[in-house]
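Letter by letter, the chains look like this.
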Amino acid sequence: EYKSIEIGTNKKIINIPSGASDITIENLSLKYSGAHGIYAVNNTSDITVKNCEISYVGGSYITDYDEGTTRYGNGIEFWKGCENILVENNWIHNIYDSGITHQGSGTYTVNNVAFRNNLIEYCGLASIEYWLWYDEAAGEYNSAENVTYANNIMRYAGYGFGGDQRDNRESSAHIY
């Protein structure tokens, strides 16, 4: 007999739409999603995430990518550009993929971003993922300016429920 059952669906807990700005996410506990905890897409700006707990996120398959064979799920992800971002004083743990990331293909800029004073632990891929794109043939590239990582405590990257997720030895590294 079970007193409770918890299910993580393939949904982002907070989905910030393209071009959104002036958003503060504060003092929330975001848990149990098969996708991302917080996902901001396409040139979002002036976003603050602070004093939150983000945990037990990720592990679902991306249904519209790579024939649905790739699993994913980051604690906080900024996709294809962001500006004036502060991620501060959060506890991010037990994440399938990365705790915090900015990434995406195409041409865009990541500008004035600070990830500071966070406790990030038990993330299957990395505590912080720094991912930039360059495709010479397509003429696509992205850049980062004024990005700060300060006073974060990062422990047990590569462990947790996503620790054996995929082999990235050719393209990424954990810093211990």
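Criteria and thresholds
Residues numbered from 1 in each chain as written. Predicted model: local features only at pLDDT ≥ 70, side-chain atom pairs only at ≥ 80, totals over all residues. Heavy atoms only, no water. Helix = DSSP H or I, 4+ residues; strand = E, 2+ residues; numbered from the N terminus. Contact = heavy atoms within 4.5 Å. Pairing = 2+ DSSP bridges. Axes fitted to C-alpha atoms, helices over the stretch in contact; angles between N-to-C directions. Core = buried A, V, L, I, M, F, W, Y, C linked by side-chain atoms within 4.5 Å. Buried < 20%, exposed > 50% of the residue type's maximum accessible area, 1.4 Å probe, protein only.

Q: Please explain the side chain of Asn-94 as it appears in this structure.
A: Residue placement: Asn-94 occurs in strand β11 (residues 91-95). Apart from the residues lying within four places of it in its own chain, the contact partners of Asn-94 are Ser-55, Tyr-56, Val-57, Glu-121, Tyr-122 and Phe-161.

Q: I would appreciate a short explanation of the sheet that holds strand β14 (residues 119-123) in the present structure.
A: Sheets are built from strands that pair by backbone hydrogen bonding, the pairs being arranged parallel or antiparallel. Judged by pairing direction, the sheet is parallel, and its five strands sit side by side in the order β3-β6-β11-β14-β18 without closing on themselves. Each having just a single partner strand, β3 (29-33) and β18 (153-155) make up the two edges of the open sheet. Mean inter-strand twist for the sheet, computed between neighbouring axes without regard to direction, equals 5 degrees. Relative to β11, strand β6 (residues 53-57) is paired through four bridges, and the arrangement is parallel. Residue pairing across strands places Glu-53 opposite Trp-91, the latter belonging to β11.

Q: Honestly, the nonpolar core in this entry has me stumped. Any pointers?
A: Among soluble globular proteins, nonpolar side chains are generally buried collectively. If you look at the biggest cluster of nonpolar residues, it comprises 26 residues, and the most contacted ones within it are Ile-38, Val-49, Ile-54, Ile-76, Phe-78 and Val-87. Secondary-structure elements contributing two or more residues to this core are β4 (38-41), β5 (44-50), β6, β9 (76-79), β10 (82-88), β11, β13 (108-116) and β14. Looking at this core, the element that brings in the most residues is β13, giving four residues. Aside from chain neighbours lying at most four places away, what touches Val-87 is Val-49, Ile-76, Phe-78, Ile-100, Ala-114, Phe-115, Arg-116 and Asn-118.

Q: Can you walk me through the pairing of strand β15 (residues 126-130) in this structure?
A: The side chains of a regular strand alternate, first on one face of the sheet and then on the other. Of all five residues making up β15, four are buried, and the element is well covered by its neighbours. With four bridges connecting them, strand β12 (residues 98-103) and β15 associate as parallel partners. In the sheet register, Ser-98 faces β15, and the bridge partner there is Ala-126.

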